[in-house]
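Examination of the molecular architecture
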Amino acid sequence: MSVYAMMGLSFVPLVVFLVVFCLAVPGFKVRYGLASTLVGLFSLIPIVVVQYFVLKLPDFTDHSLVEALVTVMVFNGLVEETVKMFSLLLLPHRKTGFGAFLAMSLISGLALGCFETVIYLFSGYQNIQIRSLTAVAMHSLCGGLSGIYVWTWRNPVERDGGKKVPLVMPFVLAVVLHGIYNFFAGFNGLFWWFSVVAILMAALECRIWYRQVVENGGKSLLSS
C-alpha cells in the first residue's frame, strides 16, 4: 500500500466520528467539527516541538525504566494534555450544550491523533495500523476528559455541601492515563496490553464524569 493511501486511511476515524456526531449529538454542527479539527491541528504544533527537540536533549535520552516512566508522565502526560486542554479554550462554547462541547473535545483529540499518525507515517513508524487503533483513541478520550474539565471550569457543578466547583479530576486522569498508555505502548508482549487497559479506563472515566455533569445540570446541558 502506498504512503498516500495509508495517509488517507489515517483520517478515516476522524471522518467517521464527524459524521456520527453530526447525526447523533444534539447541537453538534458541521462547523463545530471543522473548528475542532483545526484546534486539534493547532495543539499538535507545540507538542511536536517538545517531542522532536526537547526529548532529543541528552538529559532525556538513554533512560532507565524509572526515568522512562517519569519522562512519559511529564511530557506525554502533563505537557501534551496541558497543551490540549488549553487549546480546547478556543472551541466555541457560547450557546453550546455540554453534549456538543464534549463531542468537539473528542474530535479535537481525535484530529490531533490522526495528524500525529501521519507524522509518524512519514517518519517510517512501523505498525501504523495498530497505532491508529490505540494512540488515536487515547488522544480522543483524553481530549474528552480535558473537555469535561474545561466545561465545568466555565460552568461549575454542585458538589457535596452545595458548593459549585470545576471538576479537576478528569484532567488529572487524562494526564495519568496518557502517561501510563505511552509507557506500556513501548513494550512488546503481555505488558503492551496494559496500554489497552489504559484506553479502556479512559473510556470508562469519560462515561462516569459525563454522567456526573449531566446528572448535576440536568438534561438541558445536552443541547443548546
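Rules used in this analysis
Residues numbered from 1 in each chain as written. Predicted model: local features only at pLDDT ≥ 70, side-chain atom pairs only at ≥ 80, totals over all residues. Heavy atoms only, no water. Helix = DSSP H or I, 4+ residues; strand = E, 2+ residues; numbered from the N terminus. Buried < 20%, exposed > 50% of the residue type's maximum accessible area, 1.4 Å probe, protein only. Contact = heavy atoms within 4.5 Å. Areas by Shrake-Rupley, 256 points an atom, 1.4 Å probe, with all protein chains shown as cover. Salt bridge = Lys/Arg side-chain N within 4 Å of Asp/Glu carboxyl O. Expected span 1.5 Å × (residues − 1). Axes fitted to C-alpha atoms, helices over the stretch in contact; angles between N-to-C directions. Parallel < 35°, antiparallel > 145°, perpendicular 65-115°, else oblique. Left-handed = near helix turned anticlockwise from the far one by under 90°. Nonpolar A, V, L, I, M, F, W, Y, C, P; charged D, E, K, R; others polar. Disulfide = S-S within 2.5 Å. Core = buried A, V, L, I, M, F, W, Y, C linked by side-chain atoms within 4.5 Å.

Regarding its fold elements, the chain presents 8 helices and 2 strands. Written out in order from the N terminus, the α and β elements of the chain read α-α-α-α-α-α-β-β-α-α. Across the 224 residues in the chain, those meeting the buried criterion constitute 45%. Look at the contacts in the chain between residues 6 or more apart in sequence, and 75% of them connect residues 24 or more apart. Working note: accessible area of the chain is about 11,600 Å², and carbon and sulfur atoms make up 69% of it.

Below, the discussion takes up the pattern of salt bridges. Following the criterion strictly, the structure yields 2 salt bridges and no others. Residue Glu81 is joined to Lys84 by a salt bridge in which the shortest nitrogen-to-oxygen separation is 2.9 Å. Of this pair, Glu81 and Lys84 both sit in helix 4 (residues 65–87), separated by 3 residues, roughly a single helical turn. The burial state of Glu81 is the same as that of Lys84; both residues are buried. One salt bridge in this structure joins Arg211 and Glu215, with 3.7 Å as the shortest N-O distance. Placement of both Arg211 and Glu215 in helix 8 (residues 193–217) is noted, with a separation of 4 residues, approximately one turn of the helix. Glu215 gets classed as exposed once you look at its relative accessible area, which sits at 57%.

This part covers helix 3 (residues 30–52). Between the first and last C-alpha of helix 3 there are 33 Å, a value that for 23 residues agrees with the 33 Å anticipated at 1.5 Å per step. Every buried residue belonging to helix 3 is among Tyr32, Gly33, Ser36, Thr37, Val39, Gly40, Ser43, Leu44, Ile47, Val50 and Gln51, and all of these are buried. Tucked into the core, helix 3 has its buried residues touching helix 2 (12–24), helix 4 and helix 5 (98–122).

Bringing the packing of helix 4 against helix 7 (residues 169–185) into the picture now. A pair of packed helices is characterised by two quantities: the angle between their axes and the separation of those axes. Their axes nearest at 8 Å, the elements helix 4 and helix 7 cross at an angle of 135 degrees. When the interaxial angle is binned, helix 4 and helix 7 end up oblique. Read as a crossing pair, helix 4 and helix 7 show a hand that is right-handed. Residues Leu65, Ala68, Leu69, Val72, Met73, Asn76, Gly77, Leu78, Glu80, Glu81, Thr82 and Met85 of helix 4 lie in contact with helix 7, whose contacting residues are Phe171, Ala174, Val175, Val176, His178, Gly179, Ile180, Asn182 and Phe183. For the contact of helix 4 with helix 7, the per-class residue count stands at 13 nonpolar, 6 polar and 2 charged.

This paragraph deals with unusual backbone geometry. Although it is not a glycine, Lys95 adopts a positive phi angle of roughly 60 degrees. Take Lys95: its relative accessible area is 78%, and that puts it in the exposed class.

Attention now goes to the state of the cysteines. Scanning the model with the defined rule gives 0 disulfides in all. Unpaired in terms of disulfides, Cys206 finds its nearest cysteine sulfur in Cys142, a separation of 7.7 Å.

Counting residues in each nonpolar core, the largest one holds 47 residues, and the members touching the most others are Leu14, Phe21, Phe28, Phe98, Ile107, Met138 and Val213. Elements represented by at least two residues in this core include exactly helix 2, helix 3, helix 5, helix 6 (128–154), helix 7 and helix 8. Per element, the largest residue contribution to this core is 11 residues, and it comes from helix 5. With residues up to four places along the chain from it excluded, the contact list for Phe21 reads Phe28, Ala103, Leu106 and Ile107.

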